[in-house]
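Listed below are the residues making up each chain.
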Amino acid sequence: MQPVISAGGVVHQRADWRSIHEKICQLLIPLRTSMPFYNSEEERQHGLHQLQQRQKHLIEFCYTVAQKYLFEGKHEDAVPAALHSLRFRMNVHGLSSVELVPAYLLLAEASLGLGHIVQAEEYLSQAQWTVLKSTECSYATHSLLHRNLGLLCMAKENYEEARYHLANDIYFASCAFGTEDIRTSGGYFHLANIFYGLNKLDLADTLYTKVSEIWNKYLNDHYQVLSQARIQQIDLLGKRFEADTGLDEAQEAEAIRILTSVLNIRESTSDKAPRKTIFVLKILVMLYYLMMNYSKAQEYAMRAFNLAKEQQLSDHEQNTIQELLNLILAEEGYPII
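As the structure is a prediction and not an experimental result, all values here were calculated from the model.

**Student:** Residue-level account of the overall build of the chain, with values.
**Tutor:** Tallying secondary structure elements over the chain gives 13 helices and 0 strands in all. If you list the helices and strands of the chain from N to C, you get α-α-α-α-α-α-α-α-α-α-α-α-α. Counting all 337 residues of the chain, 45% fall into the buried class. In the chain, the proportion of contacts linking residues at least 24 apart, taken out of those at least 6 apart, comes to 65%.

Rendered as C-alpha cells:
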C-alpha cells in the first residue's frame, strides 16, 4: 500500500524534494546500497541491526519534519514527509502494524488542512481499523487518534462528536503523560476552540487559561535554570549556551502556534483582562528566549511592558516584565532599561 495525496492524486517531485527529500538524501544512500558479504553470522546480524537503526532514525526524522510543517500550517509540504515516514514504517514493521498509525494520522491532518475531507476520512478509517486490530496500542496513540477524529468532526461542523473525541484525547494523553503535560495541552486547546466558536466564552476562557498555565510551568522551569546558567557562563567564559527549550522542532512549532492563537484571542478582549494578555506575552517571551530568537523575545517583552504601563498595573508586575526585557537586551549587548 503506497497512499498518496494531492489535488491530482500525485505528489509532485518538486514538492517532495523541497519538503523532505533534500533533507534525507544522504541518509538514504546506505539504505539503497546492496548489503555487503559478511564473513560471519555475527557480522551479518550486526549489519542488519545497523540498517534497522537507520530506518528507525528516518522514521522519526520524517515524522518530526511533517509535524513541524503541520504546526506551521504548511500542509502541502507535510504530505511527502508523512508519506516517507509511512513507507519506512511499512518496511520496518509490516503493513498492518500499529506503528503505522501515527503516519496515517499525519496524512489525515494534512488532508484536512488542504480541504480534502474524504481523503482525511480514508486515512482515519485506516488508522482506526489498525488500532482496533491491535492488542498493544499505547495511550499516546489512542490520544492522537481521537485528536484527529475530533479535528475531522470540527471540519464537518459536528461539534458534539468533536467534543466527545477531544475529551477522549485528553483522557488518553493524561494517562500517558499526565493532566498538566504539554502533550496533553493540545486537546484542551482544540476543545477551547470549539467552545469559543460556539460563543461559550466562559468555558473557552477556562481552557485557554489551563493551556497557558501548562506551557508557562514547562517553559518557566527551563527558563529559570537556563537564564541563571547563561548569566554565569557569560560572566565566566564570555560566551553563550546553545538554545535549549527541551523541545524538538515540531514541539517548538506547536508551542508557537498554540500560544500565538491564545494571544490573538486574549488581545481581542485585552481591555477586559489585560493581565491574561500579559501572561501569554510573557510565556512567548520565555519561549523565544530559550530558542535564542532574541528579536522576537524582545518584541513580545516590549508589548507586555507597554501594556502593563498603559493599564497601570502594579510596580511589581511592571518590574517583573522589565527584568525579562533587561535579560534579553543584555544577551543582545544593548544597555538595560
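**Student:** Give me the lowdown on the confidence of the model for the chain, citing residues and values where you can.
**Tutor:** Model confidence for the chain is summarised by a mean pLDDT of 83, while 79% of its residues fall at 70 or above. Long-range and interchain partners of residues 1–14, a stretch whose pLDDT sits below 50, account for 30 contacts in this model, where long-range means more than four residues apart.

**Student:** I'd like a rundown of the nonpolar core, residues and numbers included.
**Tutor:** Of all hydrophobic cores here, the largest spans 88 residues; its most connected members are W215, L219 and L284. Considering every element that reaches this core, the biggest residue donor is helix α11 (residues 274–290), with 11 residues. Residue-level mapping places this core at the junction of two domains, with at least three residues from each of domain 1 (52–178) and domain 2 (210–236 + 244–332). With near-sequence residues (within four places) excluded, L219 lies in contact with L259, I283, M286, L287 and L290. If you look at the next biggest cluster of nonpolar residues, it comprises 5 residues, including L58, I59, C62 and V92.

**Student:** I'd like a rundown of the pattern of salt bridges, residues and numbers included.
**Tutor:** Within this structure, the stated rule accounts for 14 salt bridges. We note a salt bridge from E317 to R275, for which the minimum N-O separation is 2.9 Å. Of this pair, E317 sits in helix α13 (residues 315–332) while R275 sits in helix α11, and the two are 42 residues apart along the sequence. Of the charged contacts, one joins R303 and E299 as a salt bridge, the two residues approaching to 3.5 Å between their closest N and O atoms. With R303 and E299 both in helix α12 (residues 294–310) and 4 residues apart, the pair spans about one turn of that helix. Judged by relative accessible area, R303 falls into the partly exposed class, the value being 31%. A residue is classified by how much of its surface remains accessible, and E299, at 34% relative accessible area, is partly exposed. It is possible to trace a salt-bridge network through shared partners that takes in E267, K296, E299 and R303.

So, how was this worked out
- Residue positions are given per chain, counted from 1 along the sequence in the order it is written.
- Given that the model is predicted, a residue must reach a pLDDT of at least 70 before its local features are reported, and side-chain atom pairs must reach 80 or more before they are shown or counted; all residues, however, enter totals for whole chains, interfaces and linings.
- The basis for every side-chain value is the complete set of non-hydrogen atoms in the structure, without hydrogens or water.
- Here a strand is any run of E in DSSP of at least two residues, a helix any run of H or I of at least four, and the numbering for each starts at the N terminus.
- Note on exposure labels: buried denotes an accessible area under 20% of the residue type's maximum, exposed denotes more than 50%, and partly exposed covers the range between, all computed with a 1.4 Å probe on protein chains only.
- Residue contacts are defined here by distance: any two heavy atoms, one from each residue, within 4.5 Å place the two residues in contact.
- Each residue carries a pLDDT score, the predictor's own confidence in it, on a scale running from 0 to 100.
- The definition of a nonpolar core used throughout is a set of buried Ala, Val, Leu, Ile, Met, Phe, Trp, Tyr and Cys residues joined through side-chain atoms within 4.5 Å.
- An automatic or database domain assignment is the source of the domain bounds shown.
- When a carboxyl oxygen of Asp or Glu is within 4 Å of a side-chain nitrogen of Lys or Arg, the pair counts as a salt bridge.

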